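Structural overview for review
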Amino acid sequence: LIGAEQLVSFSFGKVKLASTGGRTRWTLQTFHGAARRDEVKADGFRLPGRIAVTTRALRNEFDVRHPSTPNVTSPELAALAHWSPRGGSPAVLEFAFSCADSASASEEL
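Here's a quick rundown of the structure.

Conventions and cut-offs
The numbers attached to residues start from 1 for each chain and follow its sequence in the written order. Whole-chain, interface and lining totals are the exception, using all residues; otherwise, since this is a predicted model, local features are given only for residues with pLDDT of at least 70 and side-chain atom pairs are given and counted only at 80 or more. To get the side-chain values, take all heavy atoms of the structure and skip hydrogens and water. Numbering goes from the N terminus for both helices and strands, where a helix is a DSSP run of H or I of at least four residues and a strand is a run of E of at least two. Exposure categories follow from relative accessible area, calculated using a 1.4 Å probe and restricted to protein chains: below 20% of the type maximum is buried, above 50% is exposed, and the middle band is partly exposed. Pairs of residues are marked as contacts when any of their non-hydrogen atoms sit within 4.5 Å. Method for areas: the Shrake-Rupley scheme with a 1.4 Å probe, in which residue coverage is limited to the protein chains shown. By the criterion applied in these results, polar contacts are pairs of N or O atoms within 3.5 Å in which, for protein atoms, one can donate a hydrogen and the other can accept it, and in which residues neighboring in sequence qualify only through two side-chain atoms.

Within the chain, the regular secondary structure consists of one helix and four strands. For the chain, the succession of helices and strands along the chain, N to C, is β-β-β-α-β. A total of 109 residues make up the chain; the buried ones form 12% of that total. Summarising the internal contacts of the chain: among those between residues at least 6 apart in sequence, 55% fall at separations of at least 24. Element-wise, carbon and sulfur atoms account for 54% of the exposed surface of the chain, whose accessible area totals about 9400 Å².

This is the structure in structure tokens:
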């Protein structure tokens, strides 16, 4: 039994969230036996839903497919453009993703 004005901490496990995104809402109910005593509702956090990476690419510093890469003119450097990026060397990572939930302008997901 919890007394009035008594601070209590709860931990929940095995919680399943929805597969679609949106604002969460929480309801806390207290009971004494089978009788409900109190109920409190509160806004929670925004659930982003499913996030899927649709395209991805990691390119080395000589790859001319990226607009910020300087033009490679020599045949030796042009051949390097087809190599995988090396550790310690500059690289360009490009990716696109989609979210199951949409956002309005200036809204954070």
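Back to the write-up after that little detour.
Before going further, it helps to examine the side chain of Thr24. Secondary-structure assignment places Thr24 in strand E1 (residues 22-32). Of note is the side chain of Thr24, whose polar atom sits 2.7 Å from the backbone nitrogen of Phe45. Setting aside chain neighbours within four positions, we find Thr24 in contact with Asp43, Gly44, Phe45 and Leu47.

In short, shape yes, function no, at least from these values alone.
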